[in-house]
Amino acid sequence: MSLELNFIDRLKFHLVHNRKTQLTVGTALFLLNVIWLGPFLNAGKVSPLYYLLFPFVLSLFQFTSTPLLRGLGIYRYYSHFLLGYLPGKSKQELHTGTSFDYFLHLKWSDRGVKSRDYIFGELIQGLLNLIKEVEEGRLPLELNIVATSYFFSNRSLEKLGFRQTSATLFNRLNVLLNFLDIFWMYSFSRNKLVFPNLLKVKKIEILAGELLEEKETLKQIKRRFEQKRNRLDLPLTDNSDEVHGKI
């Protein structure tokens, strides 16, 4: 049993840090998706009721596709729970991790406050890593950073310098399609079944130059979280090497 656990732990480590492992495992999972997705689509042609299972299919597909998307660079991780989707020079869309990231970095016993603190701490560290790229000139000051948020409160968003804008129809549809993942991840962080209010979903944005001005505030927040590490066995991470492509 211990050898099995050690193997799983090693595999998780390489799925985080080793691009070759991400591509290898991701490609294998993608091929498995192709195998079972075909029969599902054919079954849907016979009986449209099968399409009621689409949220479950989408959730499984997103879980299994994360390693490949990460290895291909479509997902750019700034920390364990902050990733950029299709990073560009004019716009960067941020997400708070996928269900696969929960598998990699959290255990069932971490549900509740422990996971919530850890995820929030990783978001702060991710923003600091993003700021470092801005400081070093790899990201332009005029880069527009956007996200759809249900994790942050309005007060937290204001502290981090983000502005709230009206969520577009596409934002709302995207959240609705991903409701299953949002539901279970949100419930995991609350340690109880909670249905997030999708009507209150927020689109937030900030320019990279404006985020740079919030560096000291973010560092202060990080220090407060580090003071809590004695109560947690999930320390904040500094993924600057991984972000900068050194691993």
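Residues numbered from 1 in each chain as written. Predicted model: local features only at pLDDT ≥ 70, side-chain atom pairs only at ≥ 80, totals over all residues. Heavy atoms only, no water.

Okay, the side chain of N33 next. Inspection of the secondary structure assignment puts N33 in helix α2 (residues 19–46). The buried category is assigned to N33, whose relative accessible area is 2%. One polar contact links N33 to W36, side chain to side chain, over a distance of 2.9 Å. Residues in contact with N33, not counting those within four places in the same chain, are F61 and T64. (Helix = DSSP H or I, 4+ residues; strand = E, 2+ residues; numbered from the N terminus. Buried < 20%, exposed > 50% of the residue type's maximum accessible area, 1.4 Å probe, protein only. Polar contact = N/O pair within 3.5 Å; in protein donor to acceptor, adjacent residues only side chain to side chain. Contact = heavy atoms within 4.5 Å.)

What follows concerns a nonpolar patch on the surface. Together, F7, I8, L11 and F103 make up an exposed nonpolar region whose accessible area comes to about 330 Å². Per-element tally for the nonpolar patch: the top contributor is helix α1 (residues 2–17), with 3 residues. Position of F7 among the secondary structure elements: in helix α1. You can call F7 partly exposed: its relative accessible area is 49%. (Patch = residues over 30% accessible without salt bridge, like charges linked within 9 Å, V, L, I, M, F, W, Y side chains within 5 Å. Areas by Shrake-Rupley, 256 points an atom, 1.4 Å probe, with all protein chains shown as cover. Salt bridge = Lys/Arg side-chain N within 4 Å of Asp/Glu carboxyl O.)

This part takes up the pairing of strand β3 (residues 91–95). What you see with β3 is a clean split: Q92 and L94 sit on the buried side and K91, E93 and H95 on the side with no burial. Relative to β3, strand β2 (residues 82–85) runs antiparallel, the two sharing 3 bridges. Bridge assignment links L83 to a residue of β3, and that residue is H95. Counted between consecutive antiparallel strands, the loop separating β2 from β3 contains 5 residues, among which L86 sits at a positive phi close to 45°. One ladder, built from 4 bridges, connects β3 with strand β4 (residues 144–149); its direction is parallel. Its bridge partner being in β4, Q92 is matched across the sheet by I145. (Pairing = 2+ DSSP bridges.)

Here the focus is the packing of aromatic side chains. One pass over the full model with this rule turns up 13 aromatic pairs. Taken together, F81, Y102, W108, Y118, W184 and F188 form an aromatic cluster joined through their ring pairs. Directly above the ring of F103 sits K12, whose terminal nitrogen or CZ lies 4.7 Å from the centroid. The lysine or arginine in question, R70, covers the ring of Y77, its NZ or CZ lying 3.7 Å from the ring centre. (Phe/Tyr/Trp six-rings, centres within 6.5 Å; stacked < 30°, edge-to-face > 60°. Lys NZ or Arg CZ within 6 Å of the ring centre and 35° of its normal.)

This brings us to helix α5 (residues 113–135). Between its first and last C-alpha, α5 extends 33 Å over 23 residues, near the 33 Å set by a 1.5 Å rise per residue. When you tally the buried positions in α5, you get 18 out of 23 residues, the bulk of the element. Remark: G137 follows α5 within two positions and exhibits a positive phi of approximately 85°. (Expected span 1.5 Å × (residues − 1).)

It is worth spelling out the nonpolar core at this point. The biggest cluster of nonpolar side chains holds 32 residues, and the ones touching the most others in it are L94, L127, L130, I145, L211 and L218. Only α5, β4, α8 (179–190), β6 (202–207), α9 (208–213) and α10 (215–226) provide two or more residues apiece to this core. Those residues in contact with L127 that lie beyond four places of it in its chain are L82, L94, L160, F162, L211 and L218. (Core = buried A, V, L, I, M, F, W, Y, C linked by side-chain atoms within 4.5 Å.)

Attention shifts here to the environment of L193. Relative to the helices and strands, L193 is located in the loop between α8 and β6. Accessibility expressed as a relative area gives 69% for L193, which makes it exposed. A sequence separation of 10 residues divides L193 from F183, and the C-alpha atoms of the two residues are 8.0 Å apart. Those residues in contact with L193 that sit more than four places away from it in its chain are F183 and S187.

What follows is about the sheet that holds β4. The 6 strands lie next to each other as β1-β2-β3-β4-β6-β5, forming an open sheet whose pairing is mixed. Bordering the open sheet on either side are β1 (75–79) and β5 (163–165), each of which pairs with just one other strand. The sheet shows a mean angle of 30° between the axes of neighbouring strands, direction not considered. Where β5 meets β6, 3 bridges bridge the pair, whose relative direction is antiparallel. By the bridge assignment, T165 is partnered in β6 with K203. (Axes fitted to C-alpha atoms, helices over the stretch in contact; angles between N-to-C directions.)

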